[in-house]
Amino acid sequence: EMEQMVKGGNSVWEMVKRWNAGTAEAPDWQYMRGDIFTELDDEGKVHNIVHTIHNVTEEYEQEKRDNELASKYVKIFDSTLVAMSFYDKNGCLLDLNEKMRELYCVTPENEKRVFNENILTHPLIQGDFDPQSRDSFNVCQCLRGINNGRDRYVELFFQPIYEGNELQYYVATSRDITGERDMYLEQRQQDQELHQTNDRVKQYETELQYLLENSQMWVWRSNMKDRTIIYSRNLASNNRTIAFDDYQDMLYDDENRLKAMKAFKNMSGADVNFNVTLHFLKAPENGKEMWLAISGMPLHDEDGSVLGHFGVTRDVTPLMEAQEKLRQETNRAEDSGKLKSIFLANMTHEIRTPLNAIVGFSDLLKIIDNSEERHEFIRIIRNNCGMLIRLINDIIEASNMNQ
């Protein structure tokens, strides 16, 4: 090169050289750039050769780092799972990665049209996005029928990039939120259904609470482990807890205690339903003497073991009192029937006696000629008629008394 310059072949020559300013074990590469040019005399011959040289190691290393960084960013841009695209400050598309191409279905056939679109005048953001604003811009859109005829919902994040006060370009990132939207709508529907179910449950609880509070019924629950019985009026709170031994002491007599032991199986965890009516001297609900109809069903844990029983108690005191009154009335009616039968038998005997006398002496009057005997027979007939009238009057009075 130098010979050619001397001969006038080249007037300018640029060279870049490097050498190791260190050692083989610890190299220190330096990069030098030189410019050589010739000066000609009046005859056009080479008069001088000027050589300038300066150290460009720092510039070279910086350029190398910039290239590596750019290569890294390009690799990230192409391989990231986030759909990305770049626009210049006028809104023209510069580049987009494969994920963005896939998301918006960019193909070789429609690529030219996509690159010719201006993002700032796109109907998606026109009128909503302010090009003078430094703030980022978010928008969601529905891509109808873009994915095999299926609607796709996309979220777009648009960010302006400034250097100082000067806008350089725009970065757009986008992601498919179709799955999230479907999950949100499904969750929203489930929340609505759950809310409706909770409202119905609250309504049922309110109705049940009203029925319990305005009826003669209580809810109870037994705990086999603690040998206790818990009474509640509205299912929401426990009104009273009673030990089973104290519960038995409230019963009227030993017969009822035996019935309670048999029904509850002495708190042994029997897996059976039961119904029993017990007479309490001091009822658990109010401490008064009353009859309670008790029904229960077993409660189980996750392993199927019996924890206790759950059920309701109902005040049947009026019913039991009515049954007792009916029994007494039945006995009284039976006794009254017996007395009436005895009374009728006696009356029948008493009536038959004067009737027989009246009929007998009346028949004898036909054949008696003696006046004294006839008068005696007539007197006897009159006396028996009076006796018969008194018996009939007594029967009428007895009948009026029963009424």
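Computed from a predicted model, the values in this text were never measured in an experiment.

J.: So, the overall build of the protein chain: which residues are in play, and what are the values?
T.: Tallying secondary structure elements over the protein chain gives 9 helices and 14 strands in all. For the protein chain, the accessible area works out to roughly 28,100 Å², and carbon and sulfur atoms hold 51% of it.

J.: Go over helix α8 (residues 317-364) with me, naming the residues and quoting the values.
T.: An ideal rise of 1.5 Å per residue puts 70 Å on 48 residues; α8 measures up with 70 Å between its terminal C-alpha atoms. Those residues of α8 that fall on the buried side of the exposure criterion are Thr317, Met320, Met347, Pro354, Ala357 and Ile358.

J.: I'd like a description of the pairing of strand β5 (residues 93-96), backed by residues and values.
T.: Direction of pairing for strand β4 (residues 83-88) relative to β5: antiparallel, over a ladder of 3 bridges. Opposite Ser85, over in β5, you have Leu96 as the bridge partner. Taking the residues between adjacent antiparallel strands as the criterion, β4 and β5 are bridged by 4 residues, where Gly91 takes a positive phi near 95°.

J.: Give a detailed account of the packing of aromatic side chains, specifying residues and quantitative values.
T.: Overall, the coordinates contain 14 aromatic pairs when judged by the stated rule. Arranged with centres 5.8 Å apart and planes meeting at 75°, the rings of Tyr247 and Phe264 form a pair that is edge-to-face. Remark: Phe264 occurs in helix α7 (residues 254-264) and Tyr247 occurs in helix α6 (residues 244-249); sequence separation between them is 17 residues. An identical accessibility class is assigned to Tyr247 and Phe264; each is buried. Among the aromatic residues, those joined into a cluster by ring pairs are Trp220, Phe244, Tyr247, Phe264, Phe274 and Phe280.

J.: Residue-level account of the side chain of Asp315, with values.
T.: Assignment of secondary structure puts Asp315 in strand β14 (residues 306-315). It turns out Asp315 is buried and unbridged, and the closest side chain with the opposite charge, Arg314, is 8.5 Å from it. For Asp315, the side chain forms a polar contact with the side chain of Thr317, separated by 2.7 Å. Beyond its immediate sequence surroundings of up to four residues, Asp315 is in contact with Gln216, Met290, Trp291 and Leu292.

J.: Before we move on, could you go through the pattern of salt bridges and cite the residues and values that matter?
T.: As enumerated under the stated definition, the model contains 10 salt bridges in all. Here Arg101 and Glu111 are joined by a salt bridge, their closest N and O atoms 2.9 Å apart. Of this pair, Arg101 sits in helix α3 (residues 98-103) while Glu111 sits in helix α4 (residues 111-116), and the two are 10 residues apart along the sequence. Here the salt bridges do not stand alone but share partners, grouping Glu155, Arg175 and Glu180 into one network.

J.: I'd like a description of unusual backbone geometry, backed by residues and values.
T.: A positive phi angle is found at Lys265, which is not glycine, with a value near 55°. Looking at the element boundaries, Lys265 is found in the loop between α7 and β12 (274-280). Classification of Lys265 by relative accessible area gives partly exposed; the value is 36%. At Asn266, a position not held by glycine, the phi torsion is positive, near 55°. In this fold, Asn266 is placed in the loop between α7 and β12.

J.: Lay out the sheet that holds β12 with the relevant residues and their values.
T.: The sheet built from 6 strands is open, its strands ordered β11-β10-β9-β14-β13-β12 with antiparallel pairing. Bordering the open sheet on either side are β11 (240-243) and β12, each of which pairs with just one other strand. Between one strand axis and the next, the sheet turns through 25° on average, direction left out of account. Where strand β9 (residues 217-223) and strand β10 (residues 228-232) come together, 5 bridges link them in antiparallel fashion. Paired with Arg221 across the bridge in β10 is Ile230. Packed onto the sheet, α7 meets β9, β10 and β12 and runs at close to 155° relative to β12.

J.: Report on the side chain of Asn384, specifying residues and quantitative values.
T.: Here Asn384 shows up in helix α9 (residues 371-402). A relative accessible area of 11% places Asn384 in the buried class.

J.: I'd like a rundown of the pairing of strand β8 (residues 166-176), residues and numbers included.
T.: Judged from the 6 bridges that link them, β4 and β8 form a sheet pairing that is antiparallel. By the bridge assignment, Ser85 is partnered in β8 with Ala172. Bridge count between strand β7 (residues 150-163) and β8: 10 bridges; the pairing is antiparallel. Looking across to β8, one finds that Ile161 is bridged to Tyr169.

Conventions used here
Residues numbered from 1 in each chain as written. Predicted model: local features only at pLDDT ≥ 70, side-chain atom pairs only at ≥ 80, totals over all residues. Heavy atoms only, no water. Helix = DSSP H or I, 4+ residues; strand = E, 2+ residues; numbered from the N terminus. Areas by Shrake-Rupley, 256 points an atom, 1.4 Å probe, with all protein chains shown as cover. Expected span 1.5 Å × (residues − 1). Buried < 20%, exposed > 50% of the residue type's maximum accessible area, 1.4 Å probe, protein only. Pairing = 2+ DSSP bridges. Phe/Tyr/Trp six-rings, centres within 6.5 Å; stacked < 30°, edge-to-face > 60°. Lys, Arg positive; Asp, Glu negative; His and termini not counted. Salt bridge = Lys/Arg side-chain N within 4 Å of Asp/Glu carboxyl O. Polar contact = N/O pair within 3.5 Å; in protein donor to acceptor, adjacent residues only side chain to side chain. Contact = heavy atoms within 4.5 Å. Axes fitted to C-alpha atoms, helices over the stretch in contact; angles between N-to-C directions.

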